[in-house]
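# What the coordinates show
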Amino acid sequence: MTTLIIGATGGIGAAMARAMAGTDNLILAGRDEAKLSALATELGATSQRVDVGFESHVRSLLDGVENLNTVIYAAGAALPQPLADLDAAQVRAVWNANYFGAVWTLKYALPKLAEGGRIYLIGARPELVTAKGFSQYAASKAALAQAVTIARLELPRGTQKAITLVLPPAVDTPLWAQVGRVPRGAISAEAVAQAILTDRGGAAQPELRVEG
């Protein structure tokens, strides 16, 4: 079974990689080349540095693979700021990680996905991200959810390929360093990884709501 994990050096991505290392042929992608290389060496995986904000990077990543069984898009950024103080570079970083990278992944990974294959994208529950400073994070995740809905409509009739939006509660990952602190009651990245593994063994569903 061949699995591609994009955002593999983040909390959820790394947890997924470690959970699948014993059973899957892993291809790991991320922006931090040093961390990515170390993780790939640890797990015996293939790796490629990718900046998901560039369509050409994602296209190049997918050019060399065929018959993917699972794709996990776990890249993400928060960088919360009040609307009055928005910084253009940070806004682009949030949208590149949360939305554009996911769109390029859907564009180039779906044709390489084997029948019966799954694409999982990490989304966000609207009620958990409606907060001061989170305008761009919330908007980019909402845009992702709508893009995923349309992508499903555009799948060829009769295909067994599936796209699942993963909706966890707050997850204890390094992303929260951008915010200041991990929310009380946050679940572990390993819990999200296990939920995806369990889901992969059952019938495909449009949303996977991970519970604490």
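Let me sum up the structure you'll find in this document. Think of each chain on its own: its residues are numbered from 1, step by step along the sequence as written. It should be noted that, the model being predicted, local features are given only for residues of pLDDT at least 70 and side-chain atom pairs only at 80 or more, the latter also being counted only at that level, while totals for whole chains, interfaces and linings use all residues. Each side-chain value is worked out from all heavy atoms of the structure, with water and hydrogens disregarded.

This next bit is on the packing of helix α1 (residues 11-20) against helix α2 (residues 33-43). Two packed helices can be described by the angle between their axes and the distance between those axes. Running from N to C, α1 and α2 point in directions that differ by 15 degrees, and their axes come no closer than 10 Å. It follows from the interaxial angle that α1 and α2 lie roughly parallel. Between α1 and α2 lies a crossing whose hand is right-handed. For the pair formed by α1 and α2, the contact residues are A14, A17 and R18 on the first element and L39, E42 and L43 on the second. Taken together, the residues that form the contact of α1 with α2 break down as four nonpolar, no polar and two charged. All axes are obtained by fitting lines to C-alpha atoms, using only the stretch in contact for helices, and the reported angles, taken between N-to-C directions, cover 0 to 180 degrees. Helix numbers and strand numbers start at the N terminus; a helix is a DSSP run of H or I with at least 4 residues, a strand a run of E with at least 2. Note that the term roughly parallel is reserved for angles under 35 degrees, roughly antiparallel for angles over 145, roughly perpendicular for angles of 65 to 115, and oblique for everything else. Two helices crossing with the near one rotated counterclockwise from the far one by less than a right angle form a left-handed crossing, whereas a clockwise rotation gives a right-handed crossing. For this analysis, residues touch if any pair of their heavy atoms sits within 4.5 Å. Throughout, the ten residues Ala, Val, Leu, Ile, Met, Phe, Trp, Tyr, Cys and Pro are labelled nonpolar, Asp, Glu, Lys and Arg are labelled charged, and all others, Gly among them, are labelled polar.

Okay, the pairing of strand β3 (residues 46-49) next. In the sheet, strand β2 (residues 25-30) pairs with β3 via four bridges, with the strands oriented parallel. Across the sheet, the residue bridging to G30 is R49, located in β3. If the strands point away from the viewer and the path from the first strand over the helix to the second runs clockwise, then the crossover is right-handed. In this view, the connection linking β2 to its parallel neighbour β3 by way of α2 has right-handed handedness. Paired strands, in this sense, are two strands between which DSSP finds at least two bridges.

Okay, the pattern of salt bridges next. Whenever a carboxyl oxygen of Asp or Glu lies within 4 Å of a side-chain nitrogen of Lys or Arg, that contact is scored as a salt bridge. Scanning all chains against the criterion turns up seven salt bridges. The closest approach of N and O atoms between E127 and R209, which form a salt bridge, is 3.5 Å. On the criterion of sequence distance, the pair formed by E127 in helix α5 (residues 126-129) and R209 in strand β9 (residues 207-209) is long-range, its members being 82 residues apart.

In this section: the packing of aromatic side chains. For Phe, Tyr and Trp, rings pair up if their centres lie within 6.5 Å, where Trp contributes its six-membered ring, and each pair is then called stacked (planes under 30 degrees apart), edge-to-face (over 60) or tilted (otherwise). Here the structure, examined in full by the defined rule, presents three aromatic pairs. Centre to centre, the rings of W95 and Y99 are 5.7 Å apart; their planes meet at 70 degrees, and the pair counts as edge-to-face. Here Y99 and W95 lie together in helix α4 (residues 88-109), a separation of four residues that amounts to about one turn. The exposure classification of W95 matches that of Y99, with both residues buried. Here the aromatic rings of Y99 and F100 are separated by 5.1 Å at their centres, their planes lie at 75 degrees, and the arrangement is edge-to-face. Overall, F100 belongs to the partly exposed group, its relative accessible area being 34%. Linked through ring pairs, W95, Y99 and F100 together constitute an aromatic cluster. Using a 1.4 Å probe on the protein chains alone, a residue whose accessible area is under 20% of its type maximum counts as buried, one over 50% counts as exposed, and one in between counts as partly exposed.

This part covers the sheet that holds β2. The seven strands lie next to each other as β3-β2-β1-β4-β5-β6-β9, forming an open sheet whose pairing is parallel. Whereas interior strands pair on both sides, the edge strands pair on one side only; in this sheet they are β3 and β9. Mean inter-strand twist for the sheet, computed between neighbouring axes without regard to direction, equals 15 degrees. Relative to β9, strand β6 (residues 162-167) runs parallel, the two being bridged by three bridges. Residue L165 lies in a different strand from β9, and its bridge partner there is E207.

Quick look at the environment of I6 now. Note on placement: I6 falls in strand β1 (residues 2-6). Distance from I6 to Q146, taken between C-alpha atoms, is 20 Å for residues 140 residues apart in sequence. The residues touching I6, leaving out its near neighbours within four places in the chain, are A29, V52, L61, I72, Y73, A74, A75 and T105.

Its identity as a non-glycine residue notwithstanding, N67 has a phi of 50 degrees, on the positive side. Within the element layout of this structure, N67 appears in the loop between α3 (55-63) and β4 (68-73).

Let's shift gears to α4. To obtain the bend at a residue, axes are fitted to the seven residues ending there and to the seven starting there, and the angle between these axes is taken. The axis of α4 is deflected most strongly, by about 50 degrees, at N96. Those residues of α4 that are buried are in contact with β1, α3, β4, β5 (113-122), α6 (135-153) and β6.

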